[in-house]
Structure formats: structure tokens, C-alpha cells
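# Architecture and fold: a report
So you can see what is in the structure, the chains are spelled out below.
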Amino acid sequence: MLGALSAGRLLLPSGAPESGGPPTPRAAGAGPRSGAGRPAAEGGPDGYRLRPMAGETSRSGPGASPPHPEVACTLSAGHREVFLTFDDGPHPRHTPEILRILRRHGARATFFVLGENAVAFPGLLQIIADEGHAVGNHTWSHPQLTTLPPGAVRSELGRTSSLIEDVLGSAPDLARAPYGAWDDPSLSICNDLGMSPVGWAVDSRDWTTPGAVAITDTVLDEVRPGAIVLSHDGGGERAQTVRALEWYLPRLLDDGFRPLRIEP
């Protein structure tokens, strides 16, 4: 189990075209490709703390704004852990496909679910949890929280937490804002609801549907120990995301990375 995210709930800041087969091996020295062995996918040392990373953006694409300093983008770690996350599900086709790949490789991940999808597929929510993955709150209907009045923010987060608790027996303790956009009022509500905010250090950019090769290259180029990786199992056609995961996950394992769920 990982250590506590924080003594409280909010976190303090720290200083190609598509092909039919897997990508060809990358040139030596092109990104973090060293390491040996394939460690177990569970467990890990105590003392982890989610921390933001300087220079990361909280919203992808043009006009992206800096992340709020209390939002976690990485986990401080002395080993080669990596934290795969999937947003906008559960989806009746893509989520089971992703779960099968994770199961095959003994990997764990964190799924930030939308309430409007979870209420339609509660069985998938249960399967995610039963297979050892973490379930986080991604709001009910994916609005940008920073544009909403406090009551609407509380409804979006609270309604989803209540649904997750009804299905799984416990409320989530992690939340990710749509677009990564948090402000002080929304973070305060997140804290009131007993959740810690989570961002990302590596944006796979699968939401741009650039092709599985491009998604794979992005993850392998940018991954580093402790990184939280953003991908999506819902919110659109995610066949590229599934194929990319099939390619990059075994390469991460071969390089000694340990895909873990985010723990409170």
C-alpha cells in the first residue's frame, strides 16, 4: 500500500500514421528505455505523496493554464513506479478491453469515472474495483468546474461520490477535474467531500486520436518514475488507446516500471 496522500486532504506543493502492428524499437537513448526485470505490479514503499510538477499544464491544448499548486501531477518515489489513469468511463466496450490488458500483465491502474456513465454500467464499476484498480471521481457530466457556481460543483462531485459509494460500499478518495481545471472553491468542495485532487504528468493525447503509434511514442518518450499518465477509456472512440496500451504496457514492464494504482 502506498502512504497517505497528505496529512489533510489537499496536497501541498513541492518545490505517426497508424499501423497494423506494434511500433518498431526506438533508437538507443531515445527516452527512458533502460531497466531490467519485471517486478510485481502491487505494493510499494511507504511515504508516497502526490505532488505537482513545475511546468505541467492542467488543461491540454491551446490556452492551457498552469496547474493549481495543490493538485497532484506525480508521486514522489525512489523506484520505477508509474501510475496509469483512465478517464471518462466506464465504457461498455473499451473499459473491458483495457481491463483485460491490465489483467494479462498483472498491472494496476486508476479509473476516474463519470457518474452518468457509472450509473448506466454499475457492473463495470464493480469489476474495476474487484480486479484491484482504484476508482476516482471525475464529476457527473464532465463540466469545467471553474465555470460553475459552488452549488453546482458540489452537486457534480457529490452526486458521483454517492453513486460510487452505493455501488462499491465506500466513497472515492481521489478526484480529477474535467480538463484538469481546479480553482480554490472547487478544491475546497473536493476537500469537504473527503477527496484529494489528482492531475497528470504525462498526457498521452489519446483524446486527439493521433493513432496508436503516436500514443505509444508519447507515453514511452515522457514516462519517468512516479509519473501519473493520462489516458481515456470513455468519452469517444478509444480503440487507439486500447491498441497503444497493448504495445506500451509490456515495454514499460520490460524496462522495470511497476504500474500501480494511486492509493490514499
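Just above sits the structure.
Below is a summary of the structure that appears in this document. Within each chain, residues carry numbers counting from 1 in the order of the written sequence. Confidence filtering applies because this is a predicted model: local features only for residues at pLDDT of at least 70, side-chain atom pairs given and counted only at 80 or more, and all residues used for totals across whole chains, interfaces and linings. To get the side-chain values, take all heavy atoms of the structure and skip hydrogens and water.

### Some details on the pattern of salt bridges
Applicable threshold: What counts as a salt bridge is simple: a side-chain nitrogen of Lys or Arg found within 4 Å of a carboxyl oxygen of Asp or Glu. A run of H or I in DSSP counts as a helix once it spans at least four residues, and a run of E counts as a strand once it spans at least two, with each numbered from the N terminus. Three labels apply to residues, based on accessible area from a 1.4 Å probe with only protein chains included: buried if under 20% of the type maximum, exposed if over 50%, partly exposed otherwise in between.
Scanning the entire structure with this criterion turns up six salt bridges. Glu131 serves as the salt-bridge partner of Arg103, at 2.8 Å between the closest nitrogen and oxygen. On the criterion of sequence distance, the pair formed by Arg103 in helix H1 (residues 94-104) and Glu131 in the loop between helix H3 (122-130) and strand E5 (134-137) is long-range, its members being 28 residues apart. For Glu131, a relative accessible area of 24% translates into the label partly exposed.

### Let's talk about the packing of helix H4 (residues 150-168) against helix H5 (residues 184-192)
To keep it simple, the criterion reads: For helices, the fitted line uses only the C-alpha atoms of the stretch in contact; every axis is such a line through C-alpha atoms, and the angle between N-to-C directions lies from 0 to 180 degrees. Roughly parallel means an angle under 35 degrees; roughly antiparallel, over 145; roughly perpendicular, 65 to 115; everything else is oblique. Helix crossings get a hand from a simple test, with the near helix turned counterclockwise from the far one by less than a right angle marking a left-handed crossing and a clockwise turn marking a right-handed one. The contact definition used throughout considers only heavy atoms, calling two residues in contact when any of these lie within 4.5 Å.
Between H4 and H5, the least distance of the axes is 10 Å, while the angle of their chain directions is 40°. The orientation of H4 relative to H5 falls into the category oblique. Of the two elements, H4 crosses H5, and the hand of that crossing is right-handed. The segment H4 lies against H5, with Pro150, Val153, Arg154 and Leu157 engaging Ser186, Ile189, Cys190 and Asp192.

### Some details on the layout of surface pockets
Here is the rule: With a 1 Å grid spanning the protein atoms alone, the term cavity applies to any set of points in which a 1.4 Å probe fits but cannot get out, the term pocket to an open set with protein on both sides within 12 Å along at least five of seven lines, and the term lining residue to any residue with an atom within 4 Å of a point. Grid points are joined across faces, edges and corners, and a volume is the space filled by probe spheres set on the points. Side-chain classes follow a simple rule in which Ala, Val, Leu, Ile, Met, Phe, Trp, Tyr, Cys and Pro form the nonpolar group, Asp, Glu, Lys and Arg form the charged group, and the remainder, Gly included, forms the polar group.
For the second largest pocket, the calculated volume is near 200 Å³. Along the wall of the second largest pocket there are 14 residues; nearest its centre are Ala134, Val135, Ser170, Ala171 and Arg261. A per-class count over the lining of the second largest pocket returns 10 nonpolar, two polar and two charged.

### Here we look at the packing of H1 against H3
Helix-helix packing: each pair is described by the crossing angle between the helix axes and the interaxial distance. Two elements in contact, H1 and H3, have axes separated by 11 Å at closest approach and are oriented at 15°. As the angle between them shows, H1 and H3 are arranged roughly parallel. Once H1 is placed against H3, the crossing between them reads as left-handed. Contacts between H1 and H3 involve Thr95, Pro96 and Leu99 on the former and, on the latter, Leu124, Ile127 and Ile128. Looking at the contact of H1 with H3 residue by residue, the class counts come to five nonpolar, one polar and no charged.

### Considering the nonpolar core
One broad rule of soluble globular proteins: the nonpolar side chains tend to lie buried together. We apply this condition: Among the buried residues, those of types Ala, Val, Leu, Ile, Met, Phe, Trp, Tyr and Cys that are joined through side-chain atoms within 4.5 Å form a nonpolar core.
In terms of nonpolar packing, the biggest core is built from 37 residues, with Leu84, Phe86, Leu102, Phe111, Leu245, Tyr248 and Leu249 touching the most fellow members. Among the elements of the structure, strand E3 (81-89), H1, strand E4 (110-113), H3, H4, helix H6 (212-222) and helix H7 (239-254) are those that each provide at least two residues to this core. If you tally residues by element for this core, the top one is H7, at eight residues. For Leu84, the contacting residues outside a window of four places in its chain are Leu102, Ala109, Thr110, Val229, Leu245, Tyr248, Leu249, Pro259 and Leu260. Counting 11 residues, the second largest nonpolar core, distinct from the first, contains Val71, Ala177, Trp182 and Ile189.

### Points about the environment of Tyr179
Tracing the backbone through its elements, the reader meets Tyr179 in the loop between strand E6 (174-175) and H5. Given the relative accessible area of 37%, Tyr179 is considered partly exposed. On a C-alpha basis, the gap between Tyr179 and Gln144 in space is 6.8 Å, while along the polypeptide they are 35 residues apart.

### Section: the packing of aromatic side chains
Test applied: When two rings of Phe, Tyr or Trp (its six-membered ring) have centres within 6.5 Å they constitute a pair, described as stacked for plane angles under 30 degrees, edge-to-face for angles over 60, and tilted for the intermediate range. By definition here, charges over rings are those cases where NZ of Lys or CZ of Arg is within 6 Å of the ring centre and within 35 degrees of the ring normal.
Summed over all chains, the structure comprises one aromatic pair. For the ring pair Phe86 and Phe111, a centre distance of 5.3 Å and an interplane angle of 25° mean the geometry is stacked. In this pair, Phe86 is assigned in strand E3 and Phe111 in strand E4, connecting sequence segments 25 residues apart. Residue classification places Phe86 among the buried residues on the basis of a relative accessible area of 0%. Phe111 gets classed as buried once you look at its relative accessible area, which sits at 1%. Note that Arg80 overlies the ring of Phe257, its terminal NZ or CZ placed 4.1 Å from the centroid.

### Things to note about H4
The criterion, for reference: Here the expected span of a helix is defined as 1.5 Å times the quantity of residues minus one.
With 19 residues, H4 extends 27 Å from end C-alpha to end C-alpha; this agrees with the ideal 27 Å at 1.5 Å per step. Looking at H4, one finds that the buried residues are Val153, Glu156, Leu157, Gly158, Thr160, Ser161, Leu163 and Ile164. On the buried face of H4, the contacting elements are E4, helix H2 (115-118), H3, E5 and H5. Backbone geometry just after H4 places Gly169 at a positive phi near 90°.

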